[in-house]
Amino acid sequence: MKFPESWLRSFCDPDWDSAQLAEKLTMAGLEVEEADSFAPEFSGVIVAQVRTVTRHPDADKLNVCEVDTGTGLSTIVCGAPNVAPGVKVPCAVPGAMLPGGFAINPVKMRGVQSNGMLCSARELGLSEDHAGLLLLDNDAPVGADLRSVLNLDEKVFLLKLTPNLAHCFGVFGIAREVSALSGSALKAPIINPVQADIDDRLAVDVQAPDLCGRFSGRVIRGVNARAATPDWMKSRLERAGQRSISALVDISNYVMLELGRPTHVFDLARIHGGLQVRWGRTGERLELLNGQTIDLDEQVGVIADQVQVESLAGIMGGESTAVTLDTTDIYLEAAFWWPEAIAGRARRYNFSTDAAQRFERGVDAQTTVEHIEYITSLILQICGGKAGPVDDLITGMPERKPVQMRASRARKVIGVDIPDAQMAQSFERLGLAFEQQGDVFVVTPPSWRFDLQIEEDLIEEVVRIWGYERLPLRAPHAASPMRAQPEAVRPALSIKKLLASRDYQEVINYSFVASELDAKLGLGEPIRLLNPIAAQMDMMRRTLWGGLIENLKANLNRKASRVRLFEVGRVFHRDPSIQAGELSVSAISQPRRIAALAYGPALDEQWGQASRAVDFFDLKGDLQALQGDLPLRFERAEHPALHPGRSAKVILGSSQIGWIGSLHPALQQQLDLPQAPVLFEIDMKVLTERAVPLFNEVSKFPPVIRDLALVVNDSVTAQALLDEVGLAAAANSSGTLLKNVRIFDEYRGKGLENKEKSLAIRLWLQDTQRTLNDAEVGDLIQALLDHLRIQLGARLR
């Protein structure tokens, strides 16, 4: 909610400066996100009056103007189409500094000396209007500083309102809060009923009471839609972030910002017959004021005539009945739409409106007629015309049930002994009707408060008005001992630090993802959202890879050539075996995963090593750095999102815990990636488990190291060879002497058959009690070779 300070003070003017006012609002729960001057920084701009205008002798589109700056006449060359003798305009004199650091100095323009610059609104950062010079009022004093004349240093507040503050989505509602906080008088707008000069009415049929509880409207004929919006109204709208469009639209927007009441103005001549307020129907379509054409169904409310749908109820009007500069007869509508009927409907169509934002939170149902009278008076005052009687159809009004608050309970929750009299004063200032029955306050919420429903709501109101800043700071009395960390559990932070030390950066993404990308990456049945916060976030993620790939694309768009990212988070899968609980949802599995992505060169560009692209084995090494003492195994397998020849399952024991591999070439092409990233994703729970360290005697005797080059069939994997070596050692009585085994080379080529390869392994043998002799080492090596020959057909090279 954005508004100028003067607009707020026209309703309530406490004895606070701008900074104090912002602080008080923030401490009362109405967070002031910004409080800046309306105009950007500029200096040296004054009010000037154009005396004469002559055509530039050497340029068709330029004029040479004699300008009175208050200290004499100056010659200024100007190309604006609306420059004319007698007008008063902003003038940047030599030495002035305009927004963006643009300095004004005397210059020659096509041979004519120009001593300054006449300015448009856009050049001063006041609006986007650059069709001509900013024309000032005739009573503006020549030579006066423009900032003081137009009050450009006025503070404009931007409030970040929470959903429960529906009554503060209008300047008057905020003024009501300021009055309660300060005790200053509240000046309500004076609204007098407008006398009906004509008898014209428009038939309205409210067919959906669950959509619309109250519908008020009136016909106004003979309006001048080309009338100019008054400067005072245009100024307030611009400072509230609204662009002036036309008088009728501006008046509607003005009332919405001032009173929090969205209204709609129909072109009466374009309405066929009467209006119907109902739910949409499958197959109907509507072209909105924003140019978007949408498909309707039974879940969205509409206002229709006898021929077509004219408006999306409570959200946006339709193009077919939009007012234009040629409109002469209008139908003015103000309604109460049930919040449940509006909530989420705009987001279905991937947009939001000021009207929907207010109606889905709740708008006062008691004031529709009063606000119709107010907007009517503004229209007749500015655009002229004759008004008909107000029609008011009521199908159902929101019930305001009394809410009880125990004073003793309030003191306990707040932690301060606030007297009953101060609690009563808080309710009085807020305009809440109440009765005190002993220790209990029985409060009847007013029509504009949709958020007062339970005892805690009233406790919050008491402490808001009493003052959050007055709450004492007390240290907790309860003991807060550190909980012991099991030695067999590795903290997630230590795993994150390991990845960070290997040049990765952590990211945190939404659990909501685009279904199109997730379908290409994930496995299992998708979990779609019934009410997504955005069209591109319509599914719960089944893998962390989607978010990492989106992060990668964002970095590539910003010219990053080397990207290393990781994320720790939950993924979501359907699982009928999951029971509902405090931390679980029925039939939804939510395992915690860790995923990483590497893209670009393996190392930063340097003189010491030649550049090469990161590959499968680089990422495998990073994953192995995380595994600690876990015996992870990698088995070649195919994943729909990974390259069929560069992907593997990550296995622990007999269970698959994740995947690793390069992105599939087809996906790389679809995502328009210059290079395929390498990714892994595994269960986080597995990485956090570790064996408790046990003492092992360190041998004082030297190890025996043997290298073996084994010729095997091309289909035998390195992991299979290592597994068989482990099995052979376990089956041999001397197998405990084998301390470690690693593959250090692979060879294909001369001396081998076409479907053969040579895998070289290094064996470490050692005993803690004695030095090994050649005979027993030879016996163990021979036993290993015999086992490998039988199981894998291996032979020494």
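Predicted, not measured: the structure shown is a model, and the values here were computed from it. (Residues numbered from 1 in each chain as written. Predicted model: local features only at pLDDT ≥ 70, side-chain atom pairs only at ≥ 80, totals over all residues. Heavy atoms only, no water.)

1. Notes on the sheet that holds strand β29 (residues 527–528)
Piece 1. Strand order in this open sheet of 3 strands is β28-β30-β29, and the pairing throughout is antiparallel. For this open sheet the edge positions go to β28 (512–513) and β29, each flanked by a neighbour on one side alone.
Piece 2. Where β29 and strand β30 (residues 539–540) come together, 2 bridges link them in antiparallel fashion. Each residue of the ladder has a partner; that of R528, found in β30, is M539. (Pairing = 2+ DSSP bridges. Helix = DSSP H or I, 4+ residues; strand = E, 2+ residues; numbered from the N terminus.)

2. Brief notes about the sheet that holds strand β19 (residues 309–312)
The strands that make up a sheet pair up through hydrogen bonds in the backbone, lying either parallel or antiparallel.
Piece 1. Strand order in the open sheet made by the 5 strands is β12-β15-β18-β19-β20, with mixed pairing throughout. Here the strands that pair on one side only, and so sit at the sheet edges, are β12 (204–206) and β20 (316–317).
Piece 2. Where strand β18 (residues 301–304) and β19 come together, 3 bridges link them in antiparallel fashion. In the sheet register, V302 faces β19, and the bridge partner there is L312.

3. Some words on the environment of D745
Piece 1. Note on placement: D745 falls in strand β40 (residues 738–747).
Piece 2. According to the relative accessible area criterion, D745 is partly exposed, its value standing at 37%.
Piece 3. Along the chain, D745 and V47 lie 698 residues apart, while their C-alpha atoms are 84 Å from each other.
Piece 4. Apart from the residues lying within four places of it in its own chain, the contact partners of D745 are S758, L759 and A760. (Buried < 20%, exposed > 50% of the residue type's maximum accessible area, 1.4 Å probe, protein only. Contact = heavy atoms within 4.5 Å.)

4. A few points about helix α5 (residues 231–239)
Piece 1. Of all the residues in α5, the buried ones are M233, L237 and R239.
Piece 2. Summarising the contacts, the buried residues of α5 are in contact with β1 (2–4), β11 (155–160), α6 (247–259) and α10 (368–383).

5. Quick notes on helix α14 (residues 492–501)
Piece 1. When α14 is considered as a whole, its buried residues turn out to be A492, I495 and L499. Take α14 and look down its axis: the buried residues cluster within an arc of 60°, on one side only. Away from its buried face, by an angle of more than 90 degrees, α14 presents the exposed residues L493, K497 and S501.
Piece 2. Where the residues of α14 are buried, they touch β31 (563–570), β34 (592–599), α17 (616–626) and α19 (684–688).
Piece 3. Positioned one or two residues after α14, D503 has a phi angle of 85°, which is positive. (Arc of directions from axis to C-beta.)

6. Remarks on the state of the cysteines
Piece 1. If you walk through the whole model with that rule in mind, you get 0 disulfides.
Piece 2. Just so you know, C12 is unpaired, no disulfide at all, and the nearest cysteine sulfur is the one on C168, 13 Å from it. (Disulfide = S-S within 2.5 Å.)

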